[in-house]
Amino acid sequence: MKLTEIFKQNKYSLSFEVFPPKTSDVYDSVKHATEEIARLSPAFMSVTYGAGGGTSQYTLEIAKNIKTEYGVPSLAHLTCVSSTRETVRARIDDFKAAGIENVMALRGDIPQSMQNDDRSNWHYRHAVDLIADIKVSDADFCIGGACYPEVHPESANQKEDIYYLKAKVDAGCDFLTTQMFFDNNLLYNFLYKIRQEGIHVPVVAGIMPITNAKQVERAIHLSGSFMPQRFKTIVDKFGGDPVAMKQAGIAYATDQIIDLFANGVANVHVYSMNKPDVAAAIQANLSDIVGKNA
Ligand code: FAD
């Protein structure tokens, strides 16, 4: 099923993200976690893609399993940075042959070793180049793109970031998923601005439940997200007690999602990252809301 069909239903929905194993020895544990999360019958599940391409085969396999074995719509991520047109075309063909219907088209982070390279001869400098290539292929994917309520770290400012986001949507993005954020007002402000600029595709809100203190630093490092004082206080108070921190992090994420639903954001993607217990706890907290008309 194409994700746009799900968004059209206008029901409160939760979806979950998994990441593929880097090596074959942990494949079974990732498969098991994926299966457990699929049992929650989320609206869809996404599978990330290693920017260096190391886990690409697993992304494909896991996304295929989610759809065919567990009956849950799947979204396979695909990154293009440091790839040639030929390898990307081959990936697109593989996805199509595997029956994948939904693809998240991303640039990926530029590896440290390539930061100073001359980029003028790169096939793919931005996600928009990948979207354009998918569009001219004969694969009829529903295409997602990434967006950044707090501005992508490489952008000079939000105006510029939204300008290029619009180009991505005009090139063929059917929906957008946001980077994680911990203050919903940042999203509401962003949504207002992108709608003003003529971006009207569905926007799925990305929520990361922080369930241990170490994750906080990593999340800020990866996303540059602003941590509201309310959240910092929770981490200061419970960060040293893993069980309490997990419960508090799940409660914070649940609270964020309820506020999003109440303010008209019907589709929430949870970065629960191969943790079925966290996904299940959030789903249970929202069991009388998810699936109802928004
Ligand atoms: P782009 O859309 O190319 O944007 C990157 C920067 O370039 C922005 O500053 C943008 O404003 C600017 N820009 C865009 N187009 C142009 C243009 N034509 N000219 C000049 N500037 C331009 N990474 C992974 O490796 N694997 C994953 O599976 C993965 N999944 C993700 C899922 C989500 C929902 C999000 C939010 C991020 C994900 N990432 C993933 C991280 C992502 O790859 C990085 O944030 C990356 O730095 C940017 O990717 P993008 O697709 O947003 O890039």
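This text follows the structure it describes.
### Topic: the overall build of the chain
Then, in step 1: Counting its secondary structure elements, the chain contains eleven helices and eight strands.
Then, in step 2: Over its C-alpha trace the chain gives a radius of gyration of 18 Å, about what one expects of a compact globule, namely 19 Å for 294 residues.
Then, in step 3: Each principal axis of the C-alpha atoms in the chain carries an extent, and together these give about 50 × 45 × 40 Å.
Then, in step 4: Summarising the internal contacts of the chain: among those between residues at least 6 apart in sequence, 81% fall at separations of at least 24.
Then, in step 5: One way to put it: in the chain the 29 positive side-chain charges average out to a point 2 Å from where the 34 negative ones average out.

### What about the nonpolar core?
Then, in step 1: With 64 residues, the main nonpolar core has L14, F95, L176, I257, V268 and I282 as its most contacted residues.
Then, in step 2: Discounting residues that sit within four places of it in the chain, L14 has contacts with P42, A43, F44, I257, F261, V268, V270, I282, Q283, L286 and V290.
Then, in step 3: M180, F182, M208 and A248 belong to the second largest nonpolar core, which has 14 residues in total.

### A look at the packing of helix α2 (residues 27-38) against helix α3 (residues 56-68)
A pair of packed helices is captured by two measures, namely the crossing angle of their axes and the spacing between those axes.
Then, in step 1: Two elements in contact, α2 and α3, have axes whose closest approach is 11 Å; the angle formed by their N-to-C orientations is 30°. Regarding the angle of α2 to α3, the classification is roughly parallel. At the point where α2 passes α3, the crossing takes the right-handed sense. Residue-level inspection shows Y27, V30, K31 and T34 of α2 in contact with α3, the latter providing Y58, E61, I62, N65 and I66.

### Focus: the pattern of salt bridges
Then, in step 1: For the structure on display, the rule yields 14 salt bridges.
Then, in step 2: Residue E35 is joined to R39 by a salt bridge in which the shortest nitrogen-to-oxygen separation is 3.5 Å.
Then, in step 3: When its relative accessible area of 27% is taken as the criterion, E35 is described as partly exposed.
Then, in step 4: Across the pair R85 and D133 runs a salt bridge, and its minimum N-O distance is 3.3 Å. Of this pair, R85 sits in helix α4 (residues 85-97) while D133 sits in helix α5 (residues 127-136), and the two are 48 residues apart along the sequence.
Then, in step 5: On the accessibility criterion, R85 (30% relative accessible area) is partly exposed.
Then, in step 6: Classification of D133 as buried rests on a relative accessible area of 8%.
Then, in step 7: A network of salt bridges, in which partner residues are shared, links E35, E36 and R39.

### Some details on the site of the ligand
Then, in step 1: Y49, D109, Y148, S155 and D161 are the nearest of the 24 residues found near the ligand.
Then, in step 2: Here an oxygen atom of the ligand and a side-chain polar atom of D109 are 2.6 Å apart.
Then, in step 3: Within the backbone of A127, a nitrogen or oxygen atom sits 2.9 Å from an oxygen atom of the ligand.
Then, in step 4: In the complex, 85% of the free accessible area of the ligand, which totals 980 Å², lies under the protein chains.
Then, in step 5: Elements with a contribution of two residues or more to the shell around the ligand: β3 (74-79), β4 (102-106), α5 and α6 (158-171).

### Brief notes about the state of the cysteines
Then, in step 1: What the rule picks out here adds up to zero disulfides.
Then, in step 2: Distance from the sulfur of C142, which forms no disulfide, to the nearest cysteine sulfur (C173) is 9.3 Å.
Then, in step 3: Relative accessible area serves as the criterion here: at 1%, C142 is assigned to the buried category.
Then, in step 4: With no disulfide partner, C147 has as its closest neighbouring cysteine sulfur the one in C173, 9.1 Å distant.

### What about helix α7 (residues 184-196)?
Then, in step 1: The end-to-end C-alpha separation of α7 is 19 Å, in line with the 18 Å expected for 13 residues at 1.5 Å each.
Then, in step 2: Within α7, the full set of buried residues consists of N184, L187, F190, L191 and I194. End-on view of α7: buried residues confined to an arc of 115°, all on one side of the axis. Turned more than 90 degrees from where α7 packs its buried face, N185, Y192 and Q196 sit exposed.
Then, in step 3: In this structure, the buried residues of α7 make contact with β5 (142-147), α6, β6 (175-178), β7 (203-207) and α10 (242-262).
Then, in step 4: Of the residues that open α7, the one with a side-chain oxygen 3.0 Å from the backbone nitrogen of N185 is D183.
Then, in step 5: Immediately downstream of α7, the backbone of G198 shows phi near 90°, a positive value.

### Focus: the side chain of D183
Then, in step 1: For D183, the position within the fold is in the loop between β6 and α7.
Then, in step 2: The buried charged residue D183 lacks any salt bridge partner; its closest oppositely charged side chain belongs to R230, at an N-O distance of 8.6 Å.
Then, in step 3: Side-chain polar atoms of D183 contact the backbone nitrogen of N185, separated by 3.0 Å.
Then, in step 4: Not counting residues within four places of it along the chain, the set of residues in contact with D183 comprises F226, P228 and Q256.

Cut-offs and rules
Residues numbered from 1 in each chain as written. Predicted model: local features only at pLDDT ≥ 70, side-chain atom pairs only at ≥ 80, totals over all residues. Heavy atoms only, no water. Helix = DSSP H or I, 4+ residues; strand = E, 2+ residues; numbered from the N terminus. Rg over C-alpha atoms; globule rule 2.2 N^0.38 Å. Contact = heavy atoms within 4.5 Å. Lys, Arg positive; Asp, Glu negative; His and termini not counted. Charge placed at Lys NZ, Arg CZ, Asp CG, Glu CD. Core = buried A, V, L, I, M, F, W, Y, C linked by side-chain atoms within 4.5 Å. Buried < 20%, exposed > 50% of the residue type's maximum accessible area, 1.4 Å probe, protein only. Axes fitted to C-alpha atoms, helices over the stretch in contact; angles between N-to-C directions. Parallel < 35°, antiparallel > 145°, perpendicular 65-115°, else oblique. Left-handed = near helix turned anticlockwise from the far one by under 90°. Salt bridge = Lys/Arg side-chain N within 4 Å of Asp/Glu carboxyl O. Near = heavy atom within 4 Å. Polar contact = N/O pair within 3.5 Å; in protein donor to acceptor, adjacent residues only side chain to side chain. Areas by Shrake-Rupley, 256 points an atom, 1.4 Å probe, with all protein chains shown as cover. Disulfide = S-S within 2.5 Å. Expected span 1.5 Å × (residues − 1). Arc of directions from axis to C-beta.

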